Structures are given as structure tokens and as C-alpha cells.
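# Observations on the three-dimensional arrangement
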Amino acid sequence: MDAVAHRDWIADRDRAVWGRHGLASLAATHWLDDRDREREGVPGVWRTDGVAAIGRIDGVLLRLAPGEAAHHGDVLLRGFAREGAIAVRAYDPALVRGTSKIERAPYDPRYRVTGVFSPTVTSEATLSVDGHRSSDEFDGTVALVLDGHRVELTVQHDDALSARFADGTSGVESFRFRFLDLPLPGADGTVEVDFNRAYLPPCAFSDHYLCVLPPAGNRWAVRVPVGEMRVR
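Here we summarise the structure given alongside this text. (Residues numbered from 1 in each chain as written. Predicted model: local features only at pLDDT ≥ 70, side-chain atom pairs only at ≥ 80, totals over all residues. Heavy atoms only, no water.)

### Observations regarding the pattern of salt bridges
Our working definition: What counts as a salt bridge is simple: a side-chain nitrogen of Lys or Arg found within 4 Å of a carboxyl oxygen of Asp or Glu. Secondary structure is summarised from DSSP: a helix means a run of H or I of at least four residues, a strand means a run of E of at least two, and numbering begins at the N terminus for each. In this scheme, a residue with accessible area under 20% of its type's maximum is buried, one over 50% is exposed, and one in between is partly exposed, where area comes from a 1.4 Å probe on protein chains only.
With the rule as written, the count across this model stands at 18 salt bridges. We note a salt bridge from Arg15 to Asp12, for which the minimum N-O separation is 2.3 Å. Residue Arg15 and its partner Asp12 are located together in helix α1 (residues 3–18), separated by three residues, close to a single helical turn. We classify Arg15 as exposed; its relative accessible area is 54%. Taking relative accessible area as the criterion, Asp12 reaches 43% and is therefore assigned partly exposed.

Rendered as C-alpha cells:
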């Protein structure tokens, strides 16, 4: 990989995390019911009509459907949903001040490998970091050899392939799990897998995220000592 391209990727990640309303600024996620109530870390009072988050701040009424956002001073408010449940989120740039940095391992070309994608749609029970149980649909696996060990990476398919994985460094040298994006496979099914671009999930930066844990097949004993490791 071109060293400049990798530095650009790191710069993009730092902006996404440490930017004014980046990942590290999430101050609160509150699930709403039909009663107007104050919610810690969120200005005003909030409820839901079953479709959107409804807030009243200083006499101003806000209605935020999932994904919609509004500003109150420096705070960004956003509607959020999970399986029909509605929440309001608050992103406060004050949280980012004084935070240190992402600890990254040096780039190691041995962890940039070629895998083979097999398109097999499966459904699997999943668990989120807050204990919520659900199910997830996966679109296939990528078979590869990593440090002499044959492993399979269960992936999802959107504009690219994506995965959640844990490895022999997880919970010790690195965060408990990490994310990885992959390009779409070629016509022959081959796909480049660069673990130097493994990155920390949002819940590494705020306890208010609800990240889904890796599926069983993506939890390996083999070590992946590259990419983003943890937050210092």
C-alpha cells in the first residue's frame, strides 16, 4: 500500500473521531417513552410519538426522526432507532477536549493478504454491548491465511464488504473487538484484506454507543497486532 494513502486514511479517521461532533463527542443515548421528561446530558424534555424523538427546549418544539439532527448551542441532537424503539442522542464537543489519541500499531505488510469471498447468506443471533439480543444477516465469508493460520471472516455486503472481529490481542493489547472494511471482490472472488486498516468501533470512544459484537466465526485465537489498537 502507498504510504501516503495510509497516512490519508489515518487522517480521515482522526477527523471522524475527534471532529467537532465526531464519534468521541457522544454524550448520551436515551430511549424514550410517551412521557415528557428530562434526560441526563440532553437539553430540554423529551418523549417519543413512536416514530420520532420529540423535544421541547426553551419553548421550541423539535421533532427528530431517526437520522435527523438539530443544533442547540454547541450540542448536536440526533434521532436514533433500533428495532422500532426511538432514542435521542446528544453530541457535545466539550467531551473531546483533553482526550488523548488512538494508539496505532506500525504498518506491517504481512497483514495485507488476499482472501477468497464465498457468497452465502446466513442469519445469526447477535449481542450488542448493552446486552440487547437480536439477529443479523451476513452475506458471505472471506477465507484467508493469516500468520500461517487459515481463518474465515464473516462479512456483510453494502457498497463494500465489512466485518467485526476479535483476535488474540483483543481485551489485552487492543480493544475487545474491531471493525474492518474491505473492497468488493473481483470477478474471480479474490479480495484484498488489509488488517492495517482495522479500526476501533464507536463504543471504544463512548459508552453511549450500542455496537454489535462480532459473530462467532470472527473470534480467533490468532493475533492481529496491527491497525488501531485502543484509545489512550
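### Here we look at the side chain of Arg39
In plain terms, the rule: Working rule for contacts: check all heavy atoms of both residues, and any pair within 4.5 Å makes them a contact.
Turning to its location among the elements, Arg39 is positioned in strand β2 (residues 37–39). For Arg39, a relative accessible area of 9% gives the class buried. Discounting residues that sit within four places of it in the chain, Arg39 has contacts with His30, Trp31, Leu32, Asp33, Gly44, Trp46 and Arg47.

### Points about the nonpolar core
If you look at soluble globular proteins, the nonpolar side chains tend to sit buried side by side. Definition in use: Residues belong to one nonpolar core when they are buried, are Ala, Val, Leu, Ile, Met, Phe, Trp, Tyr or Cys, and are joined through side-chain atoms within 4.5 Å.
Membership of the largest hydrophobic core comes to 22 residues, with the highest contact counts inside it found for Val142, Leu146, Leu153, Val193, Phe195 and Trp220. Contributions of two or more residues to this core are made by β10 (112–118), β13 (140–146), β14 (149–157), β15 (161–165), β16 (178–182) and β17 (190–194). Sequence-distant contacts of Trp220, defined by excluding residues within four places in its chain, comprise Leu146, Val151, Glu152, Leu153, Phe165, Ala166, Asp167, Gly168 and Phe195. Counting residues in hydrophobic clusters, the runner-up holds 14 residues, among them Trp46, Leu62, Leu64 and Val88.

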